[in-house]
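Here's the letter readout for the chains.
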Amino acid sequence: MRPTLVTVFAHPDDETFGVGGSMAAAVDAGARVVTICATRGEVGEIADPSLATAETLGSVREAELRAACAELGVHDVRFLGYRDSGMEGTPENADPRAFANASDAEVIERIALQFRELRPDVVVTFEPGGVYGHPDHKKISRCATAAFDAVGGKRLFYSGPSRSWFAAFIADLKAAGLEGFPFEGAESFGVPDEDITTTVEIGAQLARKKRALAAHRTQINPWLASLKDEWLDRILSRESFGLVRGERVPGTERGLLEGLAG
Ligand SMILES: [Zn+2]
């Protein structure tokens, strides 16, 4: 039986940054790979006004996610049907359809329904802090974990960069004079180093991961668009995970599916 990898995230593009290379590697290894997205990213950026309006952004980003996943070799893309809640303290939080306003119990049940059908061996979601604290990221992490615990599976991984590695990246960006990183407090983003169990160096899949990122066209803001390949390659070529359910066996330090009995 070929293994099944299911990734569970909040917005289109979350999957590509954190786990896109590993998704492509899993496809290369013959696994079935499915991605589940809680929202259509309705309140994200619109990098170029010719691409979308506030009204069309959700459907545009759905198409972008499908195109990005197709670059990674993933053709089963599922949505939980919630609306992007936006950042904390913004008016979008109050929208009754916002993911933030759904009860955890309902979200857990929707994810569990998918898991019962898909029977994933390996699940990947955000680390509990959502990398940079977006409320939708924290919620999908919490709810996917509870759904995994309810349905079962072989492994659950949390995705997020190691804090020291990410801080070094930011420090080097600043030292190179590339100010303007669009997040405050980026030095503290990510996962404490001791919680990282698995580090994947993306080699053969990097080009596909970059094409997947490029497919999220509305999200390529001017800062990201200006980033030279050497920086982009550095940030995209490492994916870090913490194994939080399942056994650490030889191989799990270097890949999501390593050491799984076929
Ligand atoms: Zn997101």
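Just so you know, these numbers come straight off a predicted model, no measurement behind them. (Residues numbered from 1 in each chain as written. Predicted model: local features only at pLDDT ≥ 70, side-chain atom pairs only at ≥ 80, totals over all residues. Heavy atoms only, no water.)

Things to note about the overall build of the protein
Okay, so step 1: The number of helices and strands found in the protein is nine helices and seven strands.
Okay, so step 2: Computed over C-alpha atoms, the radius of gyration of the protein comes to 17 Å, within 12% of the 18 Å expected from 2.2 N^0.38 for 262 residues, which places it in the range of a compact globule.
Okay, so step 3: Its C-alpha atoms give the protein principal-axis dimensions of about 45 × 40 × 30 Å.
Okay, so step 4: Across the 262 residues in the protein, those meeting the buried criterion constitute 52%.
Okay, so step 5: The long-range share in the protein, meaning contacts at least 24 apart out of those at least 6 apart in sequence, stands at 79%.
Okay, so step 6: For the protein, the computed accessible surface area is about 11,300 Å², with 53% contributed by carbon and sulfur atoms. (Helix = DSSP H or I, 4+ residues; strand = E, 2+ residues; numbered from the N terminus. Rg over C-alpha atoms; globule rule 2.2 N^0.38 Å. Buried < 20%, exposed > 50% of the residue type's maximum accessible area, 1.4 Å probe, protein only. Contact = heavy atoms within 4.5 Å. Areas by Shrake-Rupley, 256 points an atom, 1.4 Å probe, with all protein chains shown as cover.)

What to know about the packing of aromatic side chains
Okay, so step 1: This structure, assessed with the given rule, holds seven aromatic pairs.
Okay, so step 2: Pairing phenylalanine 169 with tryptophan 231 gives two aromatic rings, centres 5.9 Å apart and planes at 70 degrees, and the pair type is edge-to-face. On the criterion of sequence distance, the pair formed by phenylalanine 169 in helix H6 (residues 163-175) and tryptophan 231 in helix H9 (residues 229-236) is long-range, its members being 62 residues apart. As far as burial versus exposure is concerned, phenylalanine 169 and tryptophan 231 are alike and both buried.
Okay, so step 3: Taken together, the ring pairs in this structure connect Tyr132, Phe166, Phe169, Phe189 and Trp231 into an aromatic cluster. (Phe/Tyr/Trp six-rings, centres within 6.5 Å; stacked < 30°, edge-to-face > 60°.)

Thoughts on the environment of glycine 246
Okay, so step 1: Along the polypeptide, glycine 246 turns up in the segment after strand E7 (238-245).
Okay, so step 2: Once the C-alpha coordinates of glycine 246 and valine 122 are considered, the two residues, 124 residues apart in sequence, prove to be 9.2 Å apart.

Some details on the pattern of salt bridges
Okay, so step 1: One pass over the structure, following the stated rule, counts 22 salt bridges.
Okay, so step 2: Between aspartate 104 and arginine 142 there is a salt bridge, with the nearest N and O atoms lying 2.7 Å from each other. Residue aspartate 104 is found in helix H3 (residues 104-118), and its partner arginine 142 is found in helix H5 (residues 135-151); the two are separated by 38 residues along the sequence.
Okay, so step 3: A relative accessible area of 44% places arginine 142 in the partly exposed class.
Okay, so step 4: Arginine 234 is the salt-bridge partner of aspartate 172, the closest N and O atoms lying 2.9 Å from each other. (Salt bridge = Lys/Arg side-chain N within 4 Å of Asp/Glu carboxyl O.)

Things to note about the packing of H6 against H9
Okay, so step 1: The N-to-C vectors of H6 and H9 enclose an angle of 170 degrees; their axes lie 11 Å apart at closest approach. As far as their axial angle goes, H9 and H6 are roughly antiparallel. Counting all contacts with H6, which are made through Trp165, Phe166, Ala168, Phe169, Asp172 and Leu173, the residues of H9 involved are Trp231, Arg234 and Ile235.
Okay, so step 2: Taken together, the residues that form the contact of H6 with H9 break down as seven nonpolar, no polar and two charged. (Axes fitted to C-alpha atoms, helices over the stretch in contact; angles between N-to-C directions. Parallel < 35°, antiparallel > 145°, perpendicular 65-115°, else oblique. Nonpolar A, V, L, I, M, F, W, Y, C, P; charged D, E, K, R; others polar.)

Focus on the sheet that holds strand E2 (residues 32-39)
Okay, so step 1: Read across the sheet, seven strands follow the order E3-E2-E1-E4-E5-E7-E6 without closing on themselves; strand pairing throughout is mixed. A strand with exactly one partner marks an edge of an open sheet, and here the two such strands are strand E3 (76-82) and strand E6 (198-201). The average undirected angle you get between the axes of adjacent strands in this sheet is 25 degrees.
Okay, so step 2: As paired strands, strand E1 (residues 4-9) and strand E4 (residues 122-126) are joined by four bridges and run parallel to one another. (Pairing = 2+ DSSP bridges.)

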